[in-house]
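Spelled out from the first residue to the last, the chains are:
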Amino acid sequence: ALIFRKLKMIDSATVNLDSAKFYNHQLAISENNPDVNLGSGLQKVEHVILKRIDSLIELKKFEEVETSYENLLVLSPSNISYLTEKGKIESSLQKWEKAIHSFTKVLSIEPNNKGARLNRAYAFSIAKKINESIEDYTFVINHIEKENGKIYYFRALAFFQNKQTDLACNDIKSAVKF
């Protein structure tokens, strides 16, 4: 984002965040850039964008919410919360490939993130990538939460979509146990 000198113009910086994608945003917000005072100024920009997101959600302007999360990720590219919320918005907009990408980024940082793993499994399922969906559900069962009937149920649905009815039946039996 084009963060204005010492971030004295926070509203302008927020409006121009999109242009950071065109310019070298790493230089614009880098700690190595002496013209930029990060600290609280950067936090103020994030705060303004988060407040804008809340307003946009109330107005049901989800395309703009997605763009706002992209802007936040320019400022903080490894922020798991921003990546997760962006993925959820993309899912609600039925942008399955983009949602998968966002959740995959979360999992590259935090492989045992249950929410990202389950959201990606669901997105894979809708995008007709059933084997990948099954892999994510299986990962959650094997490594994160073994005794959750809902996870077995959703994996059973994926098995059924994949015409693996024996495995689907086994998962339904497991789902009922929990």
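This is a predicted model, so every value here is computed, not measured.

1. Quick word on the overall build of the protein chain
Thought 1: Assigned secondary structure in the protein chain consists of 10 helices and zero strands.
Thought 2: Counting helices and strands in the order they occur from the N terminus, the protein chain gives α-α-α-α-α-α-α-α-α-α.
Thought 3: A burial count over the protein chain gives 41% of its 178 residues as buried.
Thought 4: Entry remark: accessible area of the protein chain is about 10400 Å², with carbon and sulfur atoms responsible for 52%.

2. Points about the nonpolar core
Thought 1: In this structure, Ile49, Ile53, Val65, Tyr69 and Leu72 are the most contacted members of the largest nonpolar core, which totals 18 residues.
Thought 2: Of all the secondary structure elements, the ones that give two or more residues to this core are helix 3 (39-58), helix 4 (62-75), helix 5 (80-92) and helix 6 (96-109).
Thought 3: Apart from residues lying up to four places away in sequence, Ile53 is in contact with Val65, Ser68, Tyr69 and Leu72.
Thought 4: Of all hydrophobic cores here, the second largest spans seven residues; its members include Tyr137, Ile151, Tyr152 and Ala175.

3. As for the layout of surface pockets
Left-over empty space is what a probe sized like a water molecule reveals as it rolls over the atoms.
Thought 1: Of the volumes computed, that of the largest pocket is approximately 170 Å³.
Thought 2: Along the walls of the largest pocket sit 12 residues, with Glu70, Leu73, Leu83, Lys86 and Lys105 positioned nearest its centre.
Thought 3: The biggest single contributor to the lining of the largest pocket is helix 6, with four residues.
Thought 4: Residue composition of the lining of the largest pocket, by class: four nonpolar, two polar and six charged.

Scoring rules and cut-offs
- Residues numbered from 1 in each chain as written.
- Predicted model: local features only at pLDDT ≥ 70, side-chain atom pairs only at ≥ 80, totals over all residues.
- Heavy atoms only, no water.
- Helix = DSSP H or I, 4+ residues; strand = E, 2+ residues; numbered from the N terminus.
- Buried < 20%, exposed > 50% of the residue type's maximum accessible area, 1.4 Å probe, protein only.
- Areas by Shrake-Rupley, 256 points an atom, 1.4 Å probe, with all protein chains shown as cover.
- Core = buried A, V, L, I, M, F, W, Y, C linked by side-chain atoms within 4.5 Å.
- Contact = heavy atoms within 4.5 Å.
- 1 Å grid on protein atoms, 1.4 Å probe; cavity = no way out; pocket = protein on both sides within 12 Å on 5 of 7 lines; lining within 4 Å.
- Points joined across faces, edges and corners; volume = space filled by probe spheres on them.
- Nonpolar A, V, L, I, M, F, W, Y, C, P; charged D, E, K, R; others polar.

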